[in-house]
Amino acid sequence: MKRIQVEIDDQTAADLVDLVKQINADAGPDPFNSHGPLTVRKLAAMLLEDAGMVINRPGSWEGSNMADVLRCHGYKA
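Residues numbered from 1 in each chain as written. Predicted model: local features only at pLDDT ≥ 70, side-chain atom pairs only at ≥ 80, totals over all residues. Heavy atoms only, no water.

Caption draft 1: Region of interest: the overall build of the protein chain. Tallying secondary structure elements over the protein chain gives three helices and zero strands in all. By residue count, 16% of the 77 residues in the protein chain fall in the buried class. Restricting to contacts in the protein chain with at least 6 residues of sequence separation, those with at least 24 account for 11%. On the protein chain, roughly 6600 Å² of surface is accessible, and the fraction owed to carbon and sulfur atoms is 59%. Across the protein chain, 8 positive and 11 negative side-chain charges occur, with their mean positions spaced 9 Å apart. (Helix = DSSP H or I, 4+ residues; strand = E, 2+ residues; numbered from the N terminus. Buried < 20%, exposed > 50% of the residue type's maximum accessible area, 1.4 Å probe, protein only. Contact = heavy atoms within 4.5 Å. Areas by Shrake-Rupley, 256 points an atom, 1.4 Å probe, with all protein chains shown as cover. Lys, Arg positive; Asp, Glu negative; His and termini not counted. Charge placed at Lys NZ, Arg CZ, Asp CG, Glu CD.)

Caption draft 2: Fine view of the pattern of salt bridges. Evaluated as defined, the whole model comprises one salt bridge. Aspartate 68 is the partner of arginine 71 in a salt bridge, and the nearest nitrogen-oxygen pair spans 2.4 Å. Taken together, the residues span about one helical turn, with arginine 71 and aspartate 68 both in helix α3 (residues 61-72) at a distance of three residues. Aspartate 68 gets classed as partly exposed once you look at its relative accessible area, which sits at 36%. (Salt bridge = Lys/Arg side-chain N within 4 Å of Asp/Glu carboxyl O.)

Caption draft 3: The arrangement of the side chain of glutamate 62 in detail. Assignment of secondary structure puts glutamate 62 in helix α3. At 4.1 Å, arginine 57 is the nearest oppositely charged side chain to glutamate 62, a buried residue that forms no salt bridge. Glutamate 62 has contacts with Asp50, Met53 and Arg57, leaving out every residue within four places of it along the chain.

Caption draft 4: Structural view of the layout of surface pockets. For the largest pocket, the calculated volume is near 990 Å³. Lining of the largest pocket is provided by 19 residues; of these, Ile4, Arg41, Ala44, Ala45 and Leu48 occupy positions nearest its centre. No other element matches the nine residues that helix α2 (residues 40-56) contributes to the lining of the largest pocket. What the second largest pocket holds in volume is close to 150 Å³. Residue lining of the second largest pocket: Ile23, Asn24, Ala27, Gly28, Pro31, Asn33, Ser34, His35, Gly36, Pro37, Leu38 and Met46, and that is the complete set. Of the residues contributing to the lining of the second largest pocket, the split by class is six nonpolar, six polar and no charged. (1 Å grid on protein atoms, 1.4 Å probe; cavity = no way out; pocket = protein on both sides within 12 Å on 5 of 7 lines; lining within 4 Å. Points joined across faces, edges and corners; volume = space filled by probe spheres on them. Nonpolar A, V, L, I, M, F, W, Y, C, P; charged D, E, K, R; others polar.)

Caption draft 5: Inspection of a nonpolar patch on the surface at higher detail. On the surface, a nonpolar cluster with roughly 430 Å² of combined accessible area is contributed by Ile4, Val6, Ile8 and Leu48. Here leucine 48 is to be found in helix α2. Overall, the relative accessible area of 53% leaves leucine 48 in the exposed class. (Patch = residues over 30% accessible without salt bridge, like charges linked within 9 Å, V, L, I, M, F, W, Y side chains within 5 Å.)

Note that all results are geometric; they support no functional claim without further evidence.
This is the structure we're talking about:
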């Protein structure tokens, strides 16, 4: 298992906390999701896993959609 540490600005951190609260609040009493109730750390890990799927599962919806996100940012994936 690898540990990756990143620095983000205070506003982005606050936005992510709000996003996670919103996602968890909208999950309902019996949610169906892949990673359980989210934290910012779990959200980041999930998104990094999806980015890895650009390489290891390029035909999956996660990999192909993450490749689209990267292309939107100007990266060829």
